[in-house]
Amino acid sequence: SAGAKIIDGGKETLESLLKYVSPSPSVIKLEFPDTEINSSGSNLSYSLSLQAQYPLDKVEVSSIEIAPSGSPFQVTTATPIIVNRGQSTPINVRFTPTEAREYAATAKFRAADGSILYTAELKGKGIAPPQPPAPVITSFFPTRGSDGTMISIYGENFTNLTSV
């Protein structure tokens, strides 16, 4: 029917305009590489951009909240962050896990009025540092002796060992 075609046409027009009404994308996904626990961490950078057709001259991110609190994710870019129309601005995030497990958090990028401009889903996995190889003894010298005789032990992977 004619009414259905008008509704479909209006819907199509609205959907084509919607991308110019809000910053794009509104949900950002950042997945960090596996990162050693208790290390200096991993850094990722995301380029926050504003389309040239966006109706405002700029978007200002006045604060960034990460939940849950105490998570190992930290936005290292200082706020306020201003993104001008037709340009992009890098947002840097650090991941510093303290336990060997998977982590997830949400970052909310807020405007001065408190409205949410962007949401970022943050994911990362903390892994245990690699264990050094076990020591390997290849020989002793001397091979015989009385109590108190000094013995030299030869082999591999003795670095930082205090006893064998």
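The sections below set out a description of the structure shown in this document. Because the structure is a prediction, the values reported are computed rather than measured. (Residues numbered from 1 in each chain as written. Predicted model: local features only at pLDDT ≥ 70, side-chain atom pairs only at ≥ 80, totals over all residues. Heavy atoms only, no water.)

### Considering the overall build of the chain
Which entries qualify depends on this criterion: Every helix listed is a DSSP run of H or I at least four residues long, and every strand listed is a run of E at least two residues long, numbered separately from the N terminus. Burial status follows relative accessibility: with a 1.4 Å probe on protein chains alone, a residue under 20% of its type maximum counts as buried, one over 50% as exposed, and anything between as partly exposed. Whether two residues are in contact is decided by their heavy atoms, any of which lying within 4.5 Å being enough. In these tables, accessible area is a Shrake-Rupley quantity obtained with a 1.4 Å probe, and a residue counts as shielded only by the protein chains included in the view.
Within the chain, the regular secondary structure consists of one helix and twelve strands. Ordering the α and β elements of the chain from the N terminus gives α-β-β-β-β-β-β-β-β-β-β-β-β. When burial is assessed residue by residue, the chain has 22% of its 164 residues classed as buried. Counting only contacts in the chain whose residues sit at least 6 apart along the sequence, the fraction spanning at least 24 positions is 60%. For the chain, the exposed surface amounts to about 11100 Å²; the carbon and sulfur share of it is 53%.

### Points about the sheet that holds strand β6 (residues 73-75)
For clarity, the cut-off: If DSSP finds at least two bridges between two strands, the strands pair. Helix axes are fitted only over the stretch in contact, all axes being lines through C-alpha atoms; the angle between N-to-C directions runs from 0 to 180 degrees.
Reading across from one edge, β3-β8-β6 is the order of the three strands in this open sheet, with antiparallel pairing throughout. What marks the edges here is a single partner per strand, and that holds for β3 (42-49) and β6. Averaged over all pairs of adjacent strands, the angle between strand axes in this sheet comes to 25 degrees, irrespective of strand direction. Examined bridge by bridge, β3 and strand β8 (residues 88-95) share eight bridges and lie antiparallel to one another. In the strand pairing of β8, Ser47 is matched with Pro90.

### Quick word on the side chain of Thr89
Inclusion rule: The definition of a polar contact used here is a pair of N or O atoms within 3.5 Å, where within protein one atom must be able to donate a hydrogen and the other to accept one, and adjacent residues in sequence count solely through side-chain atom pairs.
Within the secondary structure, Thr89 sits in strand β8. A distance of 3.3 Å separates the side chain of Thr89 from the backbone oxygen of Ile82, its partner in a polar contact. Aside from chain neighbours lying at most four places away, what touches Thr89 is Tyr46, Ser47, Leu48, Ile81, Ile82 and Val83.

### Topic: empty space enclosed by the protein
Convention followed: Only protein atoms enter the 1 Å grid used here. Points where a 1.4 Å probe fits but cannot escape make up a cavity, open sets with protein on both sides within 12 Å along at least five of seven lines make up a pocket, and a residue lines them when an atom lies within 4 Å of a point. Grid points are joined across faces, edges and corners, and a volume is the space filled by probe spheres set on the points. Polarity classes work like this: nonpolar for Ala, Val, Leu, Ile, Met, Phe, Trp, Tyr, Cys and Pro, charged for Asp, Glu, Lys and Arg, and polar for all others, with Gly in that last group.
Taken as a whole, this structure holds one cavity of 30 Å³ or more when the rule is applied. When its volume is computed, the largest cavity comes out at roughly 40 Å³. As for the largest cavity, its lining consists of Ile28, Leu30, Tyr46, Ile91, Val93, Phe109 and Ala120. For the lining of the largest cavity, the secondary structure elements donating two or more residues are β1 (27-31) and β8. Split into classes, the residues belonging to the lining of the largest cavity amount to seven nonpolar, no polar and no charged.

### Describing a nonpolar patch on the surface
As a reminder, the rule being used: Patches in this entry comprise residues that are over 30% relatively accessible and not in a salt bridge; like charges within 9 Å are linked, as are nonpolar side chains (Val, Leu, Ile, Met, Phe, Trp, Tyr) within 5 Å. Just to be clear on terms, a salt bridge is a Lys or Arg side-chain nitrogen sitting within 4 Å of an Asp or Glu carboxyl oxygen.
A grouping of Ile137, Phe140, Ile151 and Ile153 is seen on the molecular surface, where their side chains present a nonpolar patch of about 340 Å² in accessible area. Relative accessible area serves as the criterion here: at 47%, Ile151 is assigned to the partly exposed category.

### Considering the environment of Tyr54
Assignment of secondary structure puts Tyr54 in the loop between β3 and β4 (58-61). Counting along the chain gives 32 residues from Tyr54 to Gly86, while the straight-line C-alpha distance between them is 8.0 Å.

### Quick word on the pattern of salt bridges
Tallied over the full model, the rule gives four salt bridges. With a shortest N-O distance of 3.3 Å, Glu121 and Lys29 are connected by a salt bridge. One end of the pair, Glu121, is in strand β10 (residues 116-127); the other, Lys29, is in strand β1, with 92 residues separating them in the sequence. By relative accessible area, Glu121 is classed as partly exposed at 31%.

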